[in-house]
Amino acid sequence: MSVIAIMGSLAAVAVPRYLDYTVRAKVTELVLAANPAKLAVTESVQIKGEMPASIGLATAEEQVAMNKPNSGYVASVVYELQTGDASSAGTSVGVITVTGQNDTRFADKTLALTGTLTNATGQLVWTCAAGTGNPIEAKYLPASCQ
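All values derive from a computational prediction rather than experimental measurement.

Draft legend 1. Expanded view of the pattern of salt bridges. For the structure on display, the rule yields two salt bridges. The residue D103 makes a salt bridge to K26 at a minimum N-O spacing of 3.1 Å. With D103 in the loop between strand 2 (91–100) and strand 3 (110–118) and K26 in helix 1 (residues 2–33), this residue pair connects regions lying 77 residues apart in the sequence. Residue D103 is classed as buried on the basis of its relative accessible area of 5%. Between R105 and D103 there is a salt bridge, with the nearest N and O atoms lying 3.0 Å from each other.

Dropping the structure here:
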């Protein structure tokens with residue numbers, strides 16, 4: 001009887017944590033889907049010394065149509081230059097927004113990778129966080145985004 005009680009207690013704790021773990025693994029795929037865009041931005045910064053206005057396509061709609069990832073969990077990956085300061089002391093900020101799909105816990109929710117370029121030093125720093133508008137819940141973000 002005590003074995004059954006112990007098993008029930010373990011199941012009550014372990015099952016929800018396991019389900020959250022599987023969702024975090026799926027959300028990690030969203031982060032990985034942003035890598036090609038992140039690489040394009042980083043290369044542009046290294047070559048030109050400034051954040052690019054786009055990563056080869058003019059509008060967000062074109063990016064969604066042309067860069068649709070081959071993933072069951074990624075709906076779109078879109079890059080947008082948020083601020084660009086050409087002065088040597090300023091900073092430029094570009095955001096890669098990844099939208100999830102096919103899982104009710106993160107479908108149509110966003111994850112953002114934000115690149116901040118300090119023009120004076122040429123240093124580009126990336127941060128990962130829940131997106132704006134309809135963000136992915138913090139408990140589902142991978143450790144690199146918390």
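Draft legend 2. Representation of the environment of V93. With respect to the helices and strands, V93 occurs in strand 2. Along the chain, V93 and E80 lie 13 residues apart, while their C-alpha atoms are 8.8 Å from each other. Once you skip the residues sitting within four places of it in the chain, V93 turns out to touch M51, E80, L81, Q82, T83, T114, G115 and T116.

Draft legend 3. Structural detail: the nonpolar core. Among the nonpolar cores identified, the biggest contains 26 residues, and L30, I96, L111 and I136 are the most heavily contacted of them. Per-element accounting of this core gives the leading share, five residues, to helix 1. Leave out the neighbours within four places in its chain, and L111 touches L30, V31, I96, T97, V98, C128, A129, A130, G131, I136, L141 and C145.

Draft legend 4. Expanded view of unusual backbone geometry. Phi is positive for N102, which is not a glycine, with a value near 65 degrees. Considering the arrangement of structural elements, one finds N102 in the loop between strand 2 and strand 3. Look at N102 and you get exposed, because its relative accessible area is 58%. A positive phi angle is found at D108, which is not glycine, with a value near 65 degrees. For D108, the location among the structural elements is in the loop between strand 2 and strand 3. Taking relative accessible area as the criterion, D108 reaches 55% and is therefore assigned exposed.

Draft legend 5. Inspection of the sheet that holds strand 1 (residues 74–83) at higher detail. Taken in spatial order, the four strands line up as 1-2-3-4 in an open sheet, and their pairing is antiparallel. Two strands bound the open sheet, and with one partner strand each, they are strand 1 and strand 4 (123–130). Neighbour-to-neighbour, the strand axes of the sheet open up by a mean angle of 15 degrees, direction not taken into account. Examined bridge by bridge, strand 1 and strand 2 share eight bridges and lie antiparallel to one another.

Draft legend 6. Structural detail: the pairing of strand 4. Taken together, the eight bridges between strand 3 and strand 4 define a ladder with antiparallel strand orientation. Looking at strand 4, one finds that L117 is bridged to L124. Between strand 3 and the antiparallel strand that follows it, strand 4, lie four residues; G122 among them carries a positive phi value of about 75 degrees.

Draft legend 7. The arrangement of the state of the cysteines in detail. Here the structure, examined in full by the defined rule, presents one disulfide. Disulfide pairing is shown between C128 and C145; the S-S distance is 1.7 Å. Where C128 bonds to C145 through sulfur, the torsion about that S-S bond is close to 70 degrees, and the disulfide is right-handed. Highlighted residues: C128 in strand 4 and C145 in the segment after strand 4, separated in sequence by 17 residues.

Scoring rules and cut-offs
- Numbers given for residues are sequential positions, taken from 1 along each chain in its written order.
- Local features in a predicted model are, by the rule used here, given only for residues with pLDDT of at least 70; side-chain atom pairs are given and counted only at 80 or more, and totals for whole chains, interfaces and linings are based on all residues.
- Excluding hydrogens and water, the side-chain figures rest on all heavy atoms present in the structure.
- We define a salt bridge as a side-chain nitrogen of Lys or Arg found within 4 Å of a carboxyl oxygen belonging to Asp or Glu.
- Helix and strand labels come from DSSP, where a helix needs a run of H or I of at least four residues and a strand needs a run of E of at least two; each type is numbered from the N terminus.
- Remark: exposure states derive from per-residue accessible area (1.4 Å probe, protein chains only) relative to the maximum for the residue type, with buried under 20%, exposed over 50%, and partly exposed in between.
- We call two residues in contact whenever any of their non-hydrogen atoms come within 4.5 Å of each other.
- Think of a nonpolar core as a cluster: buried Ala, Val, Leu, Ile, Met, Phe, Trp, Tyr and Cys residues, connected wherever their side-chain atoms sit within 4.5 Å.
- Strands are treated as partners if at least two bridges between them are detected by DSSP.
- Working convention: axes come from line fits to C-alpha atoms, limited for helices to the stretch in contact. Angles between N-to-C directions cover 0 to 180 degrees.
- Criterion for a disulfide: a pair of cysteine sulfur atoms at a distance within 2.5 Å.

In short, geometric facts, not functional conclusions.
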